[in-house]
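# Structural characterization, general
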Amino acid sequence: MNLKALVSATAVLATLTVAGCGSAVDISAGRSGAVVLTKDNFASTMSTASSRAGSVHISGVFRVQGQALTLRADESMGGTSFKDAQATMTMTLPGKGAVELRLVGGVLYIHGPQLGLSQQAGRPWVKVDLTDPTNPLGQMFSKITDNMDPSKLADAFKSITKLSRVGPENIDGLQSTHYRVSVDTSRLGSLLGLPAGGPSAALPKTLTYNVWVDADNRPVQLSMINPHFTIQLQFSRWGEQVHVVAPPASQVSEISI
C-alpha cells in the first residue's frame with residue numbers, strides 16, 4: 001500500500017513535468033497563436049508553446065471511486081531532458097493527508113512521514129533517483145517519462161477522432177478558446193509503444209477532454225469527466241521563474257523498497 005501511494009504520487013509528478021520538456025519546433029509567424037489548431041497538430045502545437053514558456057503553475061484535482069487527490073505544483077522544464085526539469089508539488093492523498101515532493105536533477109524527494117517509507121530517525125525526506133538504471137522505481141518512471149515527451153504526446157493524439165472548436169470563453173479573467181477533444185483509447189497502447197493488455201486496455205473506448213488554451217495555444221484549463229474518473233487541471237503563471245532546492249542531505253533517507 002505504501003509503495004502504491006509512492007508510485008501514484010511519482011507518476012503524477014513525472015507526467016506533469018515531462019509533458020512540457022523537449023525542443024521546440026519552428027512555428028510560422030514566430031508565434032504559436034498564429035497556428036490554426038487541427039486534430040493533426042493539436043498536441044505538437046501545445047507542446048511547443050509550453051516548451052517556449054519554460055515554466056508553469058498547475059493546480060487541480062483527480063477523483064477516482066469517490067476519492068479525491070488534489071495538487072498544487074510549480075515546474076520549470078529547464079533544458080531538453082527530464083534531468084533538467086525542476087518541480088515542487090504539494091499533494092493531498094485520500095486518507096493520507098498532505099505530501100510534499102521536490103524534483104531536482106532527476107531525483108525525486110518525498111516528505112510524507114505518514115506514507116511509512118522507512119525514513120531514518122531525524123531524516124523526514126526520502127529520495128528516489130529516477131535516472132538510476134539499477135533502481136527499479138527509476139526504471140519504471142523513466143519509461144513513463146519517455147512516453148510523455150512532446151513527440152510521444154503528439155503520437156498519442158494521433159488517436160483523436162474528433163476535435164471541435166467550441167469557441168471563446170473567459171477563464172478567471174483570461175480570454176481563452178475552448179476545444180472538445182475525443183480520443184480513441186484502443187489505439188493509445190500501440191501509438192505509445194505500451195505492451196498489449198496494459199493500463200490503456202482498461203480505459204473506456206473513447207475519452208472526451210475539454211481543453212481551454214490561451215492566445216499562444218498554451219493550456220489554461222483541462223477537464224475530463226467519465227463514469228470511472230475525473231480530471232480537472234488549471235495552468236497559470238506561464239514563464240515565471242521557478243527555483244527548486246533539494247532538501248539538506250542530513251534530512252534525507254534512502255528509500256527502502
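Thresholds applied
- Residues numbered from 1 in each chain as written.
- Predicted model: local features only at pLDDT ≥ 70, side-chain atom pairs only at ≥ 80, totals over all residues.
- Heavy atoms only, no water.
- Pairing = 2+ DSSP bridges.
- Helix = DSSP H or I, 4+ residues; strand = E, 2+ residues; numbered from the N terminus.
- Axes fitted to C-alpha atoms, helices over the stretch in contact; angles between N-to-C directions.
- Contact = heavy atoms within 4.5 Å.
- Buried < 20%, exposed > 50% of the residue type's maximum accessible area, 1.4 Å probe, protein only.
- Polar contact = N/O pair within 3.5 Å; in protein donor to acceptor, adjacent residues only side chain to side chain.
- Salt bridge = Lys/Arg side-chain N within 4 Å of Asp/Glu carboxyl O.
- Core = buried A, V, L, I, M, F, W, Y, C linked by side-chain atoms within 4.5 Å.

Time to look at the sheet that holds strand β2 (residues 67-76). A sheet is described by the order of its strands in space; here twelve strands give the open sequence β7-β8-β9-β10-β11-β1-β2-β3-β4-β5-β6-β12, paired in mixed fashion. With one partner strand each, in any of the chains shown, β7 (160-171) and β12 (252-254) form the two edges of the open sheet. The sheet shows a mean angle of 20° between the axes of neighbouring strands, taken without regard to direction. Of the strand pairs in this sheet, β2 and strand β3 (residues 86-93) are connected by seven bridges, and their pairing is antiparallel. Directly across from Arg-72, in β3, lies its bridge partner Thr-90. Relative to the sheet, helix α2 (residues 42-53) contacts β1 (55-64), β7, β8 (174-184), β9 (206-213) and β10 (219-225), its axis offset from that of β9 by approximately 40°.

For Asp-214, the location among the structural elements is in the loop between β9 and β10. According to the relative accessible area criterion, Asp-214 is buried, its value standing at 8%. A polar side-chain atom of Asp-214 sits 2.9 Å from the main-chain amide nitrogen of Asp-216. A polar atom in the side chain of Asp-214 sits 2.9 Å from the side chain of Arg-218. Setting aside residues up to four positions removed in sequence, Asp-214 forms contacts with Leu-174, Gln-175, Val-220 and Trp-238.

Attention now goes to the pattern of salt bridges. Oppositely charged side chains may form a pair once their charged atoms are brought near each other. Applying the stated criterion across every chain yields a total of four salt bridges. In this structure, Glu-100 engages Arg-102 in a salt bridge whose closest nitrogen and oxygen atoms are separated by 3.2 Å. Residue Arg-102 is classed as partly exposed on the basis of its relative accessible area, which comes to 22%. Of the charged contacts in the structure, one is a salt bridge between Arg-218 and Asp-216, with a shortest N-O distance of 3.7 Å.

Judged by nonpolar contacts, the single largest core of 38 residues is most densely connected at Phe-42, Tyr-209 and Val-211. Dropping the residues within four chain positions of it, Tyr-209 is found in contact with Tyr-179, Arg-180, Val-181, Val-183, Leu-222, Ser-223 and Met-224.

Just geometry here; none of it tells us what the structure is for.
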